[in-house]
Amino acid sequence: STFSLQVQSENSEKNADQEELSTALSGSDGLAGPLTSILSCAYEEWLRSTRIRCKQVHMAEEPHEDEEKKDDDCDNSAAAASSSSLSTTKFIVHEAQETSSLHRVLQLHTKLCLLDSTLAEELGREGSHAILAKLIRFDLQSEMDMAGIASFDIEEEDADAVMELQDLACEIGSMSSGSFPIKVFPFTQDELRSRLPLHFSVSSVPSHNDVDCQQHHILIHQVTARRQGAQEDVGFVMWPSAVALASWVATNPSKVLGKRCLEIGAGCGLTGLATASIFTADEKDQESQIILTDFNETVLQNADRNICLNGLGGCASTTKLDFYEQTGTNIDGGWIDGSRTTKEPVDVILAADVICKPEDAVAAANTIYDALRPGGHAYVISADSQHRFGVDRFYDECLRVGLEVEISNVSDMYEGALVFSSQGEDGKRGIEQCSGYVDGMTLSFFHLTKPQT
């Protein structure tokens, strides 16, 4: 895309600079470089305008100075050329077009940083933080002192205009995940590519139950490209069972349409997002909702981001749910959220690779029993115990709390199409983009039913 900053230029030199900027940005890769260039241009134009207007004030206060001094530099020439503007305004910053332009650019950066924390970091490393820091340190009184008009009183509107710009700069800086300002150190092209969201084309299995083959294109941003070292951060990355379960939901849309759905241990949220995409694609279904849950706040923030990234906020939301706070004794159904509030039971629960240790099997069974209404169903896919510790206990724990259990090997379902129907990028299968995937690993499908009371 070509980015351009629309500023009313005061002379042809500015127009030439603007054309050069637009040309430079049109060939750039990524957003961080162009957006930082736009910010830099807006700030420098604003600073130049402010200094020119300070000189105009000085010249108005000293009408008898030798006119030849006006030619000492280009700024004085510009000030002399537009000195008549002082007769129509008393402000230095407040009414300047450059102030309005910089304000719009800062608002753009604020909105983008709120929407995309990855881009926010890239902007900082590209040099936007250095520009913001200059703006935050800007002092109008010092500029007036340097212009020789220390006795000139700053208008309240000018002070407010500068403060509003600085408040926006501080807001952007506060979104930095690390220190501010970030050291200028742009990402390489390879680093930028690795930070892009993964693309999953989630497909239904062809010719199954007369369901037309459908594709749902889902973008997934991971918290990190690789799993860290603790159990608490497993939701930072994609796991293979989510791909298979998303394909199963796409193949069996009737299992979720018109239902109150809950994804537990959602992680990056592929299964829940695919479900939400099914809701959106069905014109007759205006009521279905799915809640993506996890216990990790960072994971939930990333899931919110992925909901926004895919435009599914109308039927998908997030909330905190900790397996270990559920009792497994709620016969009528009801689960406890992160604020310790008991929530209404749901019709359907989806879960993919939620067991990493034996205790998880106990807690997951408790959660599914509590969160389901009587007669509700849960669909769970997990890698086998060779790759996920504790999965071998899950069957017994589900029986313990009173759930009915049916188990299938995912490779035996639909001739193995659930594993391979979803596609990724660069010729990869969707499942091959996931952390922890091992070729030939066994995935188990659990269909759990909560008996009617």
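Every chain is numbered independently, its residues counted from 1 as its sequence is written. Reporting in this predicted model follows two pLDDT cut-offs: at least 70 for local features of residues, and 80 or more for side-chain atom pairs to be given and counted; totals over whole chains, interfaces and linings ignore these cut-offs and use all residues. Excluding hydrogens and water, the side-chain figures rest on all heavy atoms present in the structure.

1. Digging into the overall build of the chain
- Helical segments are the DSSP runs of H or I of at least four residues, strand segments are the runs of E of at least two, and each set is numbered from the N terminus. Helices and strands together make up the secondary structure of the chain, namely 15 helices and 11 strands.
- Burial classes: relative accessible area under 20% of the type maximum marks a residue as buried, over 50% as exposed, and values in between as partly exposed (1.4 Å probe, protein chains only). Per-residue burial over the chain gives 49% buried out of 453 residues.
- Reported accessibility uses the Shrake-Rupley method at a 1.4 Å probe radius. Residues are deemed covered only where the shown protein chains occlude them. On the chain, roughly 21600 Å² of surface is accessible, and the fraction owed to carbon and sulfur atoms is 48%.

2. Overview of the environment of Asn409
- With respect to the helices and strands, the residue Asn409 is situated in strand β10 (residues 404-409).
- Expressed as a C-alpha distance, the spacing of Asn409 and Ile381, which sit 28 residues apart in the sequence, is 9.5 Å.
- Discounting residues that sit within four places of it in the chain, Asn409 has contacts with Thr442 and Leu443.
- Here the side chain of Asn409 touches Ser411 through a polar contact of 2.9 Å, landing on its backbone nitrogen. Here, residues are in contact when the closest pair of their heavy atoms is within 4.5 Å. Polar contact is defined as a pair of N or O atoms within 3.5 Å, subject to the rule that within protein one atom must be able to donate a hydrogen and the other to accept it, and that residues adjacent in sequence are counted only when both atoms are side-chain atoms.

3. Describing helix α12 (residues 297-309)
- With 13 residues, α12 extends 18 Å between its outermost C-alpha atoms, agreeing within 8% with the 18 Å of an ideal straight helix rising 1.5 Å per residue.
- Three or more residues of α12 are buried, namely Val299, Leu300, Asn302, Ala303, Arg305, Asn306 and Ile307.
- Of the surrounding elements, those touching the buried residues of α12 are α4 (97-115), α5 (117-126), β2 (215-220), α11 (270-281), β4 (289-294) and β5 (316-320). In this analysis, the expected span of each helix is defined as 1.5 Å times one less than the number of residues it contains.

4. Observations concerning helix α14 (residues 394-401)
- Residues of α14 that are buried include every one of Phe394, Glu397, Cys398 and Val401, and no others. Seen along its axis, α14 keeps its buried residues to an arc of 100°; they face one direction.
- Packed against the buried residues of α14 are α13 (358-371), β9 (372-383), β10 and β11 (443-449).
- Gly402 sits one or two residues past α14 and shows a positive phi near 105°. Here the arc refers to the directions that run from the helix axis out to each C-beta atom.

5. Some words on the sheet that holds β11
- Strand pairing is defined by DSSP finding a minimum of two bridges between the two strands. Spatial strand order, β5-β4-β3-β8-β9-β11-β10: 7 strands in an open sheet with mixed pairing. Here the strands that pair on one side only, and so sit at the sheet edges, are β5 and β10. Averaged over neighbouring strand pairs, the angle between their axes works out to 20° when direction is ignored.
- Summarising the sheet, strand β3 (residues 260-263) and strand β8 (residues 346-352) pair through 3 bridges and their orientation is parallel. Bridge assignment links Cys261 to a residue of β8, and that residue is Val348.
- Contacting β8, β9 and β11, helix α10 (residues 240-251) crosses the sheet at an angle of about 135° to β9. Axis angles are defined between N-to-C directions and span 0 to 180 degrees, where every axis is a line fitted to C-alpha atoms and, for a helix, only to the segment in contact.

6. Quick look at unusual backbone geometry
- Between Phe180 and Pro181 the backbone carries a cis peptide bond, its omega angle lying at -5°.
- One non-glycine residue, Asp353, lies in the positive phi region at around 50°.
- Summarising the element assignment, Asp353 is placed in the loop between β8 and α13.
- Here Asp353 falls in the buried class, since its relative accessible area comes to 9%.
- Positive phi is not limited to glycine here, since Glu415 has a value of about 55°.
- Topologically, Glu415 is positioned in the loop between β10 and α15 (417-420).

7. Points about the packing of aromatic side chains
- A pair of aromatic rings is counted whenever rings of Phe, Tyr or Trp (Trp by its six-membered ring) have centres within 6.5 Å, and the orientation is called stacked for planes under 30 degrees apart, edge-to-face for over 60 and tilted otherwise. Tallying each qualifying case throughout the model produces 6 aromatic pairs.
- When the centroid spacing of 5.2 Å and the interplanar angle of 45° are considered together, the rings of Trp248 and Phe445 count as tilted. Of this pair, Trp248 sits in helix α10 while Phe445 sits in strand β11, and the two are 197 residues apart along the sequence.
- With relative accessibility at 4%, the residue Trp248 sits in the buried group.
- A relative accessible area of 5% means that Phe445 is categorised as buried.
- Sitting over a ring, as applied to charges here, requires NZ of Lys or CZ of Arg to be within 6 Å of the ring centre and within 35 degrees of the ring normal. One residue, Lys450, lies across the ring of Tyr369, its end atom 4.2 Å from the ring centre.

8. Brief notes about the side chain of Glu122
- Locating Glu122 in the fold gives a position in helix α5.
- Among residues more than four places away in sequence, those in contact with Glu122 are Ala32, Phe187, Leu192 and Arg195.

9. Notes on empty space enclosed by the protein
- In this analysis a 1.4 Å probe is tested at points of a 1 Å grid over the protein atoms alone, and where it fits but cannot get out there is a cavity; an open set with protein on both sides within 12 Å along at least five of seven lines is a pocket; lining residues have an atom within 4 Å of a point. Grid points are joined across faces, edges and corners, and a volume is the space filled by probe spheres set on the points. Scanning all chains against the criterion turns up 1 cavity of 30 Å³ or more.
- Along its surface, the largest cavity is lined by Ala32, Glu122, Glu126, Pro186, Phe187 and Leu192.
- The residue makeup of the lining of the largest cavity, split by class, is 4 nonpolar, no polar and 2 charged. Throughout, the ten residues Ala, Val, Leu, Ile, Met, Phe, Trp, Tyr, Cys and Pro are labelled nonpolar, Asp, Glu, Lys and Arg are labelled charged, and all others, Gly among them, are labelled polar.

10. With respect to the environment of Thr280
- Looking at the secondary structure, you find Thr280 in helix α11.
- Placed 32 residues apart in sequence, Thr280 and Leu312 show a C-alpha to C-alpha distance of 7.8 Å.
- Beyond its immediate stretch of four places on either side in the chain, Thr280 contacts Leu312 and Cys315.

11. Focus on a negative patch on the surface
- On the surface, Glu95, Glu156, Glu157, Asp160, Glu164, Asp167 and Glu171 cluster together into a negatively charged patch.
- Looking at the element boundaries, Glu95 is found in the loop between α3 (74-81) and α4. Residues qualify for a patch when their relative accessible area is over 30% and they have no salt bridge, like charges being joined within 9 Å and the nonpolar side chains of Val, Leu, Ile, Met, Phe, Trp and Tyr within 5 Å. A side-chain nitrogen of Lys or Arg and a carboxyl oxygen of Asp or Glu constitute a salt bridge if their distance falls within 4 Å. In this charge count, Lys and Arg are treated as positive and Asp and Glu as negative; neither His nor the chain ends contribute. Every charge is mapped onto a representative atom, which is NZ of Lys, CZ of Arg, CG of Asp or CD of Glu.

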